Amino acid sequence: MEILVCVKRAPDTLENEITVNKDGTNIELEDLVYSVNEWDNYAVEEAIQIKDKVGGSVTVVTIGDEEAEEVLRREMAMGADKGILISDEAFENSDGKGIASILKAEIEKGKYDLILTGAQADDGAGQIGGMLAAMLDLPYASLVNKIDIAGEKLTVGREIEGGVQEINEIELPCVLSIQTGINEPRYVGIRGIRKVASVEIPVHTAADLGLDASAVGTSGAKVKKLDYFIPETGEGAEILTGSQEEIAEKLIELLKAKGGIK
Amino acid sequence: MSRQLFAYITHKNSAADDSAFELAAAAKKIDANASVTAIVTGKGEDLTKVCGQITSAFAKVWKIDGDAFAYPNAELIRAMLVKILPEKSITLLAHDTFGMDLGPGLSVKLNASFISDVVDIEGVKSDILKTIRQEYSGQVSTHVSCDITDGAVINIRPGSFKPEETSIGGEIEDKSSEAEGITAKRKYIEIIEAEIGDVDITKSEILVSVGRGIEDEENIEIAQELADAMGADVSCSRPIVDAKWLEKSRQVGTSGQTVKPKVYLALGISGSFQHLGGIKGSPFIVAVNKNAKAPIFQVADIGIVDDLLDFVPVLTEKIEELKG
Ligand SMILES: Cc1cc2nc3c(=O)[nH]c(=O)nc-3n(C[C@H](O)[C@H](O)[C@H](O)COP(=O)(O)OP(=O)(O)OC[C@H]3O[C@@H](n4cnc5c(N)ncnc54)[C@H](O)[C@@H]3O)c2cc1C
Ligand SMILES: Cc1cc2nc3c(=O)[nH]c(=O)nc-3n(C[C@H](O)[C@H](O)[C@H](O)COP(=O)(O)OP(=O)(O)OC[C@H]3O[C@@H](n4cnc5c(N)ncnc54)[C@H](O)[C@@H]3O)c2cc1C
């Protein structure tokens with residue numbers, strides 16, 4: 001099975017406190033630690049496991065700047081066979097439809113049986129997979145937490161409210177967005193990354209993909225981010241201060257009053 | 001503005017989801033004078049009941065009854081909506097697991113703009129809709145504008161819009177015949193209920209809940225010791241279950257359990273809406289987080305800005321001292 005996985009380089013929320021920059025045009029980018037979007041790691045692991053079962057290949061693709069190459073190498077160190085970096089100044093400030101139409105152009109240059117995305121990324125939109133499927137006229141299922149191969153079809157589980165699993169049959173080729181927890185992504189060490197350090201990663205531009213620059217990027221975006229701000233906190237929590245012992249004592253009094261200590 | 005507004009209604013066990021009335025409230029913020037049409041798909045008596053329930057909030061209810069719609073398959077419903085929605089209409093969906101499945105693809109097929117997970121709407125000025133979204137689990141917010149000249153599909157975050165008491169008494173129109181003969185390449189098979197675990201956290205009065213800030217599987221013990229001292233149960237956020245450190249039955253949130261404790265201690269949990277969506281009944285919330293700006297502090301009653309790995313053992317010891 002020829003599998004393509006879309007991956008995004010995103011700030012690691014465990015490593016960073018995300019704040020707004022001085023003029024409110026973006027988040028504060030200085031000192032941000034990046035990694036691959038959490039959901040995409042699960043998607044790549046799933047692709048590798050499918051390949052190991054039925055053969056084929058796994059390609060990882062990302063749209064980003066030169067620095068996005070590092071996430072491709074990371075996923076190749078996990079076991080993806082090939083990486084493609086899609087990069088062009090014309091792609092900056094693309095909205096979701098812009099990103100999806102760039103990915104569509106890349107996908108149409110190849111031949112894939114299965115296309116995987118993460119269920120969502122740092123923007124929390126969860127939009128690219130569904131858009132891509134509709135643009136390619138392929139069937140789609142979101143929030144997938146189980147994949148079984150059954151000939152020309154897949155049996156997939158979607159994780160819905162309450163952790164309930166909704167089982168569907170879906171025809172190949174198709175697009176699936178992957179939910180966390182579907183597998184346990186393998187660990188990649190420095191050594192693994194070193195092994196793929198010299199593998200050539202092709203860079204595709206708008207021209208390579210035959211994309212009209214005005215249809216993507218800033219000019220193609222119907223959805224625009226105007227500014228960033230810190231939401232008003234309303235009442236907010238009362239923050240306890242003092243030494244750890246003092247805070248603990250204050251907290252115990254409060255907890256006792258609320259029935260929080262039995 | 002003479003734009004047509006629609007809301008797709010989800011329902012379960014013969015009752016409309018709460019989001020139905022929230023979508024009606026959100027539509028009002030786009031156009032206070034709009035007459036909004038609800039679209040409901042389903043089968044038989046269940047569907048009839050749901051349609052009846054929502055006439056109070058909508059000017060029109062389009063009812064689509066058919067075997068194919070007995071279970072909501074987003075791929076089928078998308079094809080149906082593309083067939084029946086007028087050009088350039090604005091369609092509101094709840095940003096739940098169904099809306100996430102349907103919205104993005106629907107917007108492509110309608111050639112309409114798409115905005116995901118909207119938490120507030122500021123209004124429309126010359127075909128530009130201004131909304132508020134959140135990023136990074138609510139750590140920052142953004143104003144997002146959307147060109148609605150060619151229509152839009154807007155996914156609304158559940159719980160963000162306050163339903164109004166209305167008695168519009170909308171008319172129900174049966175549109176089932178327009179939905180005949182629609183097919184999809186995805187077929188719904190069955191539902192598998194979530195597994196029941198060793199502890200039923202939905203019954204717990206006190207919960208000590210751990211998030212990714214616990215950092216390591218071994219550290220769960222720190223939380224367990226605190227829970228033992230307090231007479232509480234241990235619950236968690238989703239990443240802890242993904243890492244297989246705790247059972248799925250202990251996960252709090254929209255894709256886990258809905259809990260109603262008296263006291264909820266959030267240790268190293270950022271406060272994403274999917275997590276908070278599983279906490280009901282307004283408990284007394286205490287948050288321990290090393291990031292003073294973590295969104296959990298907006299909903300917590302009491303906050304402690306500290307490394308939980310340092311603070312929690314101190315708290316446990318003090319409680320044990322007290323108990324003697
Ligand atoms: C500087 C800057 C300016 C921006 N301006 C705008 C703007 O004006 N309007 C606007 O709407 N958006 C804007 N964006 C957001 C940008 O368009 C998003 O990257 C895009 O919407 C897709 O990301 P997402 O988080 O929404 O994806 P989601 O749909 O949440 O992600 C789901 C999956 O899609 C895939 N995916 C997402 N992005 C990529 C990628 N880059 N390469 C490969 N696969 C990917 C991954 O598999 C991911 O798991 C801006 C972003 C930046 C960095
Ligand atoms: C469809 C869908 C359904 C979902 N359902 C759920 C659900 O049911 N339940 C759920 O929880 N999530 C759910 N999620 C995931 C959700 O979006 C968040 O990713 C998740 O809730 C984040 O968990 P967290 O707060 O533990 O981790 P993070 O967001 O990574 O937060 C960790 C926090 O710990 C703090 N921290 C780090 N180290 C320390 C330390 N040593 N001491 C103190 N604080 C520390 C950090 O400052 C941060 O605030 C769902 C997502 C999707 C897309």
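Residues numbered from 1 in each chain as written. Chains lettered and ligands numbered in written order. Predicted model: local features only at pLDDT ≥ 70, side-chain atom pairs only at ≥ 80, totals over all residues. Heavy atoms only, no water.

### Some thoughts on the site of ligand 1
Residues and elements named next belong to chain A. Looking at ligand 1, there are 26 residues lining it, with Cys6, Asp40, Ser94, Gln127 and Val223 nearest. Between ligand 1 and Cys6 there is a distance of 2.6 Å, counted from an oxygen atom to a backbone nitrogen or oxygen. Asp40 has a polar side-chain atom sitting 2.4 Å from an oxygen atom of ligand 1. When contributions to the shell around ligand 1 are tallied by element, the ones reaching two or more residues are strand E4 (57–63), helix H3 (96–109), strand E6 (114–118) and strand E12 (223–229). Taken together, the residues of the shell around ligand 1 break down into nine nonpolar, 10 polar and seven charged. (Near = heavy atom within 4 Å. Polar contact = N/O pair within 3.5 Å; in protein donor to acceptor, adjacent residues only side chain to side chain. Helix = DSSP H or I, 4+ residues; strand = E, 2+ residues; numbered from the N terminus. Nonpolar A, V, L, I, M, F, W, Y, C, P; charged D, E, K, R; others polar.)

### As for the sheet that holds strand E17 (residues 284–289) of chain B
The sheet built from six strands is open, its strands ordered E13(A)-E18(B)-E17(B)-E16(B)-E14(B)-E15(B) with parallel pairing. Every interior strand has two partners, whereas the edge strands, strand E13 (238–239) of chain A together with strand E15 (233–236) of chain B, have only one. For strand E14 (residues 206–210) of chain B and strand E16 (residues 263–267) of chain B, the ladder comprises five bridges, and the chain directions are parallel. Note that in E16 of chain B the partner of Ser209 of chain B across the bridge is Ala266 of chain B. In the packing of helix H5 (residues 220–230) of chain B onto the sheet, the strands contacted are E14, E15 and E16 of chain B, and the crossing angle to E14 of chain B comes to about 170°. (Pairing = 2+ DSSP bridges. Contact = heavy atoms within 4.5 Å. Axes fitted to C-alpha atoms, helices over the stretch in contact; angles between N-to-C directions.)

### Examining the site of ligand 2
Taken together, 29 residues sit near ligand 2, with Ser237, Gln251, Ser255, Ser270 and Gln274 of chain B positioned nearest. Chain contributions to the surroundings of ligand 2 come from chains A and B. Ser270 of chain B has a polar side-chain atom sitting 2.7 Å from an oxygen atom of ligand 2. In isolation ligand 2 offers 990 Å² of accessible surface; the protein chains occlude 95% of this area. Elements with a contribution of two residues or more to the shell around ligand 2: helix H6 (238–242) and helix H7 (273–276) of chain B. (Areas by Shrake-Rupley, 256 points an atom, 1.4 Å probe, with all protein chains shown as cover.)

### Quick notes on the nonpolar core
In summary, soluble globular proteins display a tendency toward joint burial of nonpolar side chains. Core analysis: the largest hydrophobic core is formed by 38 residues, its most contacted members being Met230 and Leu267 of chain B. Apart from the residues lying within four places of it in its own chain, the contact partners of Leu267 of chain B are Val208, Ser209, Val210, Gly211, Ala223, Leu226, Val288, Leu308 and Val312 of chain B. (Core = buried A, V, L, I, M, F, W, Y, C linked by side-chain atoms within 4.5 Å. Buried < 20%, exposed > 50% of the residue type's maximum accessible area, 1.4 Å probe, protein only.)

### Structural notes on the pattern of salt bridges
All names here are of chain B. Using the criterion set out here, one finds 37 salt bridges over all chains in the structure. Taking the shortest distance from any N to any O, the salt bridge between Arg186 and Asp101 comes out at 2.8 Å. With Arg186 in strand E13 (residues 186–192) and Asp101 in helix H4 (residues 97–110), this pair connects stretches of sequence that are 85 residues apart. Asp101 shares its class with Arg186; the two are buried. Linking Lys175 and Glu178 is a salt bridge whose minimum nitrogen-to-oxygen distance equals 3.4 Å. The class of Glu178 is partly exposed, set by a relative accessible area of 33%. (Salt bridge = Lys/Arg side-chain N within 4 Å of Asp/Glu carboxyl O.)

### Considering a negative patch on the surface
A contiguous patch of negative charge on the surface is contributed by Glu245 and Glu246 of chain A together with Asp216, Glu217, Glu218, Glu221, Glu225, Asp228, Glu317, Glu320 and Glu321 of chain B. For the negative patch, the secondary-structure elements that each account for two or more residues are helix H7 (244–257) of chain A together with H5 and helix H9 (308–323) of chain B. Within the secondary structure, Glu320 of chain B is located in helix H9. (Patch = residues over 30% accessible without salt bridge, like charges linked within 9 Å, V, L, I, M, F, W, Y side chains within 5 Å. Lys, Arg positive; Asp, Glu negative; His and termini not counted. Charge placed at Lys NZ, Arg CZ, Asp CG, Glu CD.)

### Things to note about unusual backbone geometry
Note that the residue after Leu172 of chain A, namely Pro173 of chain A, is joined by a cis bond; omega there is -10°. Looking at where Pro173 of chain A falls in the secondary structure, it is placed in the loop between strand E9 (165–171) and strand E10 (174–178).

### As for the pairing of E17 of chain B
Residues and elements named next belong to chain B. Where burial is concerned, most of E17 is hidden: six out of the six residues are buried. The two faces of E17 match: Phe284, Val286 and Val288 on one face and Ile285, Ala287 and Asn289 on the other face are all buried. Bridge count between E16 and E17: five bridges; the pairing is parallel. Among the inter-strand pairings, Ala266 is bridged to a residue of E17, identified as Ala287. The sheet contact formed by E17 and strand E18 (residues 302–305) spans four bridges and is parallel. Note that in E18 the partner of Ala287 across the bridge is Gly303.

### Examining the sheet that holds strand E1 (residues 2–6) of chain A
Across the sheet, which stays open at both edges, the 10 strands sit in the order E11(A)-E5(A)-E4(A)-E1(A)-E6(A)-E10(A)-E7(A)-E8(A)-E9(A)-E13(B) with mixed pairing between neighbours. The outermost strands of the open sheet, each flanked by one partner alone, are strand E11 (203–204) of chain A together with E13 of chain B. For strand E8 (residues 153–159) of chain A and E9 of chain A, the ladder comprises seven bridges, and the chain directions are antiparallel. Bridge assignment links Thr155 of chain A to a residue of E9 of chain A, and that residue is Glu169 of chain A. The strands touched by H3 of chain A within the sheet are E1, E4, strand E5 (82–86), E6 and E11 of chain A, with E4 of chain A carrying the most contacts at an inclination of about 145°.

### Things to note about the domain arrangement of chain B
All names here are of chain B. Looking at chain B, the domain boundaries give domain 1 (5–179) and domain 2 (201–323). Using only C-alpha atoms to locate each centre, domain 1 and domain 2 end up separated by 34 Å. Each side of the interface is counted separately: domain 1 has seven residues, and domain 2 has seven residues. Of the roughly 480 Å² buried between domain 1 and domain 2 on both sides combined, carbon and sulfur atoms contribute 59%. Considering only the side of domain 1, the residues that lose the most area to domain 2 are Ser137, Gln139 and Arg157, jointly responsible for 71% of the buried surface there. For the pair domain 1 and domain 2, the number of links is zero residue pairs in polar contact (both at pLDDT 80 or more). For the side of domain 1 that touches domain 2, a count of residues per class yields one nonpolar, four polar and two charged. (Domains from an automatic or database assignment. Buried area = accessible area lost by both parts, 1.4 Å probe.)

### Observations regarding the packing of helix H1 (residues 38–54) of chain A against helix H2 (residues 69–78) of chain A
The axes of two packed helices give the description: the angle between them and the distance between them. Residue and element names in this part refer to chain A. Here H1 crosses H2 at 35°, and the two axes come no closer than 10 Å. The chirality of how H1 crosses H2 is right-handed. Between H1 and H2, the contacting residues are Asp40, Asn41, Val44, Glu45 and Ile48 on the first element and Arg74, Glu75 and Met78 on the second. The residue makeup of the contact of H1 with H2, split by class, is three nonpolar, one polar and four charged. (Left-handed = near helix turned anticlockwise from the far one by under 90°.)

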